[in-house]
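Overview (structure and organization)
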Amino acid sequence: MTMRPIRIIGDPVLRTECEPVTTFDAELRALVTDLMDTLLGAPGRAGVAAPQIGVSAQVFVYDADGHRGHLINPTLELSDDVQDDEEGCLSIPGLYFPTVRALHATAHGVDQHGEPLSITGSGFLARALQHETDHLRGTLYVDTLRGDTRRRALREIRAGRFDSPSRRR
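Residues numbered from 1 in each chain as written. Predicted model: local features only at pLDDT ≥ 70, side-chain atom pairs only at ≥ 80, totals over all residues. Heavy atoms only, no water.

Looking at an unreviewed UniProt entry, one finds the protein chain named Peptide deformylase, with Micromonospora luteifusca as its source organism. In UniProt, the protein chain has this text filed under Sequence similarities (unreviewed entry): "Belongs to the polypeptide deformylase family." Comment text from UniProt for the protein chain, heading Catalytic activity (unreviewed entry), reads "N-terminal N-formyl-L-methionyl-[peptide] + H2O = N-terminal L-methionyl-[peptide] + formate". (UniProt positions renumbered as here; feature names shortened; annotations may be inferred.)

Written out as structure tokens, the structure is:
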């Protein structure tokens, strides 16, 4: 089992759009395995995207609402209906803010062998698919916040009020 460390906000890899995957080989399969090991290696995790472990590739894994898997080079179809629930991120540990997301999402992409793959979900699964796809675009959930919520989130991040590894020493 290879549980990789999670990159924390401030790391440039989290703000960089990832490269599409074009080679479906043992190295990609090892990345998917490392991502899944990292996801399942600690309780309460719903997804991990490749940039969160320092890899600029359009790959993420998820475990939400009884669905577990991976997706490569995803695109999203989103409903007009929205949900507004608390959201957090492993890369900004300990901070949670109400975040508006589409209520329903379908993610299309391919699996680790290059075969077409789609997953459709509502509620928490839809939120996870959107959150992880955003990571591949260099977007963090706090970037989607608006108004007072966004100001409060940015203040707390600037003040270091999240559970960063440097604060645990």
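**Here's the deal with helix α1 (residues 26–40)**
Along its 15 residues, α1 runs 21 Å from first to last C-alpha, staying within 8% of the 21 Å computed at 1.5 Å per residue. The N-capping residue of α1, defined by a side-chain oxygen 3.2 Å from the backbone nitrogen of glutamate 27, is aspartate 25. (Helix = DSSP H or I, 4+ residues; strand = E, 2+ residues; numbered from the N terminus. Expected span 1.5 Å × (residues − 1). Polar contact = N/O pair within 3.5 Å; in protein donor to acceptor, adjacent residues only side chain to side chain.)

**Digging into the UniProt feature "binding site: Fe cation" (unreviewed entry) in the protein chain**
Cross-referencing UniProt, the feature "binding site: Fe cation" (unreviewed entry) maps to Cys89, His131 and His135 in the present numbering. Spatial clustering of the annotated residues is evident: they stretch over 47 residues in sequence, but the largest pairwise C-alpha distance comes to 10.1 Å. Considering only the annotated residues already named, the ones lining the largest pocket are Cys89, His131 and His135. The residue cysteine 89 is located in strand β4 (residues 82–89) in this model. Taking the relative accessible area as the measure of exposure, cysteine 89 reaches 8% and is therefore buried. If we skip the residues at most four places from it in the chain, cysteine 89 touches Gln52, Leu95, His131, His135 and Tyr141. Tracing the sequence through the fold places histidine 135 in helix α2 (residues 123–136). On the basis of relative accessibility, which here comes to 1%, the residue histidine 135 falls in the buried class. Beyond its immediate sequence surroundings of up to four residues, histidine 135 is in contact with Cys18, Ala49, Pro51, Gln52, Cys89, Ser91 and Leu140. (1 Å grid on protein atoms, 1.4 Å probe; cavity = no way out; pocket = protein on both sides within 12 Å on 5 of 7 lines; lining within 4 Å. Buried < 20%, exposed > 50% of the residue type's maximum accessible area, 1.4 Å probe, protein only. Contact = heavy atoms within 4.5 Å.)

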